[in-house]
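# Inside the fold
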Amino acid sequence: MTDVLLTHSYHLYYDRKQVRKMQPYPPLGTLYAAAELRSAGLSVALFDTMLNDPEQGFASALEKYQPRIVVVYEDNFNFLTKMCLTRMRAVAYSILDASQRAGAMVLVNGSDASDHAEDYLRRGFRCVLLGEAEKTLVEVVGSLRNGGDEALPAIAGLALLDKTSGRAMRTARRGLMRDLDMLSFPARDLIDVDQYRTAWKKAHGYFSLNIVASRGCPYKCNWCAKPIYGDSFSVRSATSVAEEMKRLKYEFGAEHLWFADDIFGLRARWLRELAVEVEKLSAAVPFKMQSRVDLMTAENVSALRRAGCAEVWMGVESGSQRILDAMDKGTQVNQIATARENLRQEGIRACYFLQFGYPGETWDDIQKTAELVRDTRPDDIGVSVSYPLPGTKFFERVQAQLGEKTNWSDSEDLAMMFQGAYTNQFYHALHDALHAQVDSWSASGGHSVGQDAAELTPEELWARVLRLETTCRNARPTVLPGLEGPLVQLQTSSGMTCGDD
């Protein structure tokens, strides 16, 4: 009998977009939790749902390991987990049901569970491990193994149902870890590394693994949910990160790395130290990461290249300063071109995250974003629409308009949850046109557009956007204070036609 069976709820094959991309990564957050349980002397097993059927596979894992406790411990470093997709919630609930039938007690941790703790508790989870939960998990499991759950109310960092009143309650808040070097490296021996290697090699010709150097983000973009780390930021030592890179390179055969940090390269001195340590250990592996345009200074980009960086994803969001200001982004439009050029000079791919549909965004703002893309020519883009998540100022502002659908089903849903300036059809067309435009000048793959758009040229896709701009307007779109005003009318002379490619 195993003390703890760990699992998570993200299954690649339930997500259409991610199946096409085929870039699966092990559940890093779950593997950190496993390492901490082991350090406490507990026996641990893992069922990894990423590439394995969560229905049949998990039932087999229950039979094999006969765990006393099952923990749905989400990978909080996976942006898809942070999106709280409804298919993930359904998988978590099915894992709960199967575990209870097998006589196991079930715990849960993750963004969705932290945001909707009472829903999870009433569904049957014994407790919700809130926020950063490795230490909480060790204490809870130790308490349950030593005779029951009477001591749970005294453990910090939990949500549970009060046995007397039946009401949901939260225990004292647990402080965040500051010295991340105290954590063991993720227990990667618990996953089938060859399964990941095969998927990557078949789809891309190389093998990529994930790693994190830090936790949290101190910036305050008002649409960004932070149920795990809040506005805090902690970073591992450059020496520790370089050592883990070396292990991934030589022990696991990683040919590429994905730094899954919310923000990478926040401190210039740390970046320089990382470059030195990586060079000292011959640990350089081409990697991609995500950051901000104002952090991509010439000095920082030079250090990134020395450390092995090959690709940077930046939260560009919009080419309109009024929208960036409304988002509390804290960046300037002119910094985008500078960042892009600094990366170009060092041979690092520059990729943009773009967000449309923010309340108050007009056709003129959208055109500015499209013109920015055309003028700076990023190597790749990711296009989304504004997505309200609990705990954000943005959610509070549009909450009254949210209906029954408050989460996407998968990462390709791209549905507006509130009354945007345009209908979903327009934003899907805009997504396809922008991706086709970037694909026309880059090697980003050409696989990001919808099926109905795959055979159309960028010019034809922009023509469709222009047609839909007049027919897909919402009569009463949501606007925020200071962003009131009518939609700017169609400008047929705009560079949006992109004929001068």
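Residues numbered from 1 in each chain as written. Predicted model: local features only at pLDDT ≥ 70, side-chain atom pairs only at ≥ 80, totals over all residues. Heavy atoms only, no water.

## Describing the overall build of the protein chain
For the protein chain, the helix and strand inventory stands at 18 helices and 15 strands. Over its C-alpha atoms the protein chain spans a radius of gyration of 23 Å, differing by no more than 12% from the 23 Å that the globule rule assigns to 501 residues. Here the C-alpha coordinates of the protein chain stretch approximately 75 × 55 × 40 Å along the principal axes. Looking at the protein chain as a whole, 57% of its 501 residues qualify as buried. For the protein chain, long-range pairs separated by at least 24 residues make up 74% of all intrachain contacts whose partners lie at least 6 apart in sequence. Per element, the accessible surface of the protein chain, about 20100 Å² overall, is 48% carbon and sulfur. Across the protein chain, the centroid of the 56 positively charged side chains sits 3 Å from that of the 65 negatively charged ones. (Helix = DSSP H or I, 4+ residues; strand = E, 2+ residues; numbered from the N terminus. Rg over C-alpha atoms; globule rule 2.2 N^0.38 Å. Buried < 20%, exposed > 50% of the residue type's maximum accessible area, 1.4 Å probe, protein only. Contact = heavy atoms within 4.5 Å. Areas by Shrake-Rupley, 256 points an atom, 1.4 Å probe, with all protein chains shown as cover. Lys, Arg positive; Asp, Glu negative; His and termini not counted. Charge placed at Lys NZ, Arg CZ, Asp CG, Glu CD.)

## Looking at helix α12 (residues 298-307)
The set of residues buried in α12 consists of N300, V301, A303, L304 and A307. Buried residues along α12 cover an arc of 160 degrees about the axis, so they all sit on one side. On its buried face, α12 sits against α10 (238-250), α11 (268-281), β12 (287-291), β13 (309-317) and α14 (333-345). (Arc of directions from axis to C-beta.)

## A look at the sheet that holds strand β2 (residues 44-47)
Within a beta sheet, neighbouring strands are joined by backbone hydrogen bonds and run either parallel or antiparallel to one another. Taking strand neighbours across the sheet as the criterion, the seven strands line up as β2-β1-β3-β4-β5-β6-β7 in an open arrangement whose pairing is mixed. Each having just a single partner strand, β2 and β7 (168-170) make up the two edges of the open sheet. Ignoring strand direction, the axes of neighbouring strands in this sheet form an average angle of 25 degrees. As defined by bridge partners, strand β1 (residues 4-7) adjoins strand β3 (residues 69-73) across four bridges and the pair is classed as parallel. For T7, the partnering residue across the bridge sits in β3 and is V72. Along the sheet, helix α3 (residues 56-65) contacts β1, β2 and β3; its crossing angle with β1, the most-contacted strand, is approximately 165 degrees. Across the sheet, helix α5 (residues 86-101) is in contact with β1, β3 and β4 (105-109); its angle to β3 comes to roughly 175 degrees. (Pairing = 2+ DSSP bridges. Axes fitted to C-alpha atoms, helices over the stretch in contact; angles between N-to-C directions.)

## Some details on the pattern of salt bridges
A complete count under the given rule lists 35 salt bridges for this structure. Between K135 and E36 there is a salt bridge, and its shortest N-O distance comes to 3.1 Å. Of the two residues, K135 sits in helix α8 (residues 134-145) while E36 sits in helix α2 (residues 28-39), which places them 99 residues apart along the sequence. Across the pair R215 and E132 runs a salt bridge, and its minimum N-O distance is 2.8 Å. With R215 in strand β9 (residues 214-216) and E132 in the loop between β5 (127-129) and α8, the pair connects residues that are 83 residues apart, well separated along the chain. Residue class for R215 comes out buried when judged on its relative accessible area of 3%. For E132, a relative accessible area of 9% puts it in the buried group. Beyond isolated ion pairs, a larger network of salt bridges with shared partners links R126, D149, E150 and K163. (Salt bridge = Lys/Arg side-chain N within 4 Å of Asp/Glu carboxyl O.)

## Brief notes about the confidence of the model for the protein chain
Averaged over every residue, the pLDDT of the protein chain is 91; residues scoring 70 or more account for 92%. For the stretch residues 485-501, pLDDT sits under 50, and the model shows 47 contacts to residues farther than four places along the chain or on other chains. (pLDDT = per-residue confidence, 0-100.)

## Examining the sheet that holds strand β15 (residues 380-385)
The sheet built from six strands is open, its strands ordered β8-β11-β12-β13-β14-β15 with parallel pairing. Looking at which strands have only one partner, the edges of the open sheet turn out to be β8 (208-211) and β15. Across the sheet, the mean angle separating the axes of adjacent strands is 20 degrees when strand polarity is ignored. Pairing of β8 with strand β11 (residues 256-259) involves four bridges; the strand directions are parallel. Pairing of I211 across the sheet is with F259, part of β11. Packed onto the sheet, α10 meets β8, β11 and β12 and runs at close to 155 degrees relative to β8.

## Observations concerning helix α9 (residues 193-204)
In this model, α9 (12 residues) spans 16 Å end to end at C-alpha, consistent with the 16 Å of a helix rising 1.5 Å per residue. Of all the residues in α9, the buried ones are V193, Y196, A199 and W200. End-on view of α9: buried residues confined to an arc of 130 degrees, all on one side of the axis. Residues T198 and K202 are exposed on α9 and point more than 90 degrees away from its buried face. Buried residues along α9 sit against β8. Residue D192 occupies the N-cap position of α9, its side-chain oxygen lying 3.2 Å from the main-chain nitrogen of D194. One or two positions beyond α9, positive phi appears at G205, with a value near 85 degrees. (Expected span 1.5 Å × (residues − 1). Polar contact = N/O pair within 3.5 Å; in protein donor to acceptor, adjacent residues only side chain to side chain.)

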